[in-house]
Amino acid sequence: MSGICAIWRKEQPERIAKSLTLLTAGLATVATESASQDCDQSVGIGVSARFPEQQIYRNGNLLLACDTDLINERELADSVDRTTEDSGEAGTAALLMRLYQRFGTEFVQKLRGAFSFVLWDRRDRRLIAGIDGFGIKRLAYYQDEKILLIASRVDALVRTGEVGLDINPRAIANVVNFTSNLAPETIFTKVQRLIPGAILEASGRGVHIKKYWDMRYGVGGDSGEGPLSRQLESVVEESVAAHCISDRFSQVGAFLSGGTDSSTVVGMMSRAAAGPVKSFSIGFQEQPFNELGYAEIAAKRFRSEHHTYLVGPDDCFEALPHIIRSFDEPFGSA
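Residues numbered from 1 in each chain as written. Predicted model: local features only at pLDDT ≥ 70, side-chain atom pairs only at ≥ 80, totals over all residues. Heavy atoms only, no water.

Some remarks on the pairing of strand S12 (residues 206–211)
Looking at chain direction, strand S11 (residues 198–203) and S12 are connected through six bridges and run antiparallel. Note on S12: the bridge partner recorded for Leu200 is Ile209. Remark: two residues form the turn of the hairpin made by S11 and S12, two consecutive strands paired antiparallel. (Pairing = 2+ DSSP bridges. Helix = DSSP H or I, 4+ residues; strand = E, 2+ residues; numbered from the N terminus.)

A short note on the pattern of salt bridges
Counting across every chain of the model gives 18 salt bridges. Close ionic contact of Asp40 with Arg122 constitutes a salt bridge, the shortest N to O distance being 3.5 Å. Of this pair, Asp40 sits in strand S2 (residues 34–40) while Arg122 sits in the loop between strand S6 (113–121) and strand S7 (126–131); the two residues are 82 residues apart in sequence, bridging distant segments of the chain. Exposure remark for Asp40: the relative accessible area of 5% places this residue in the buried category. Look at Arg122 and you get partly exposed, because its relative accessible area is 34%. With a closest N to O distance of 2.8 Å, Glu305 and Lys278 form a salt bridge. A residue pair is termed long-range when its members are at least 10 positions apart, and Glu305 in strand S15 (residues 305–311) and Lys278 in strand S14 (residues 278–284) qualify at 27 residues. The class of Lys278 is partly exposed, set by a relative accessible area of 21%. Bridged by salt links that share partners, the residues Arg153, Asp155, Arg159, Arg325 and Asp328 form one connected network. (Salt bridge = Lys/Arg side-chain N within 4 Å of Asp/Glu carboxyl O. Buried < 20%, exposed > 50% of the residue type's maximum accessible area, 1.4 Å probe, protein only.)

Purely geometric numbers; function is a separate question.
Here is the structure:
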């Protein structure tokens, strides 16, 4: 899965490097990930990078790690002054740092896309962490009077040896009822997950969670079915097109099940006209579960470059250890 992490040791700061190494190592799910970390006094941040947008950056007063998939990065870059030191591998992290310097924590409201970040402000002695409004990127955290731990994976927190492993009964109920856990709950009683659209601020005054965005449901002036349906189509098309803005459209693809949602996305991608759309479908050797026929209909309709794979029993047995490792918490799905 890869991801980012942070640690603030309020006691025994000499242990910060060892604790951070354990925390960062717990993020990795494949051997090809590249781990890096940086410390400042009693605070450290780390990243286990699998993609270029997972970065660490620091300047005189700030230390930042991010895991991003932003669709408005070019617009954001135009809104702040960039220096030559911002270029290179740490471009996105440097951009977020400059946005923070200009707008404070309100900068998160300007980010569009999936993101998580941890930021240490040395001057204010404040640790800040945040995730996007839909919780596409995740952060879990643990705190007591001695330490604050933050990581993309619950498993990374556990590997430090600092976290109690008491099972959370509410989490079991969530999995039974909803097939997954609901933030801020996690499977462990003393570990919480940051809710979507929120930032965590930690300082000498304690840890506080602040909501910066939430879903709003409402109807505008014209609530007729016709105008609303046209507005829905326009918004979906705009969103899909925004995700397709890339110099490497050939590396962009979409899962295609043949259902309404995925077929709509592939259709909207074909309207972007940035090149042939790559679509991918998974089928099953057990025919009652195989819906590849519907996916092929959609692929032909939108003239996508279509790829399929049939999953058999051997694939399932081979994948189980990777599935368990990747999900990080109990998860139920047929």
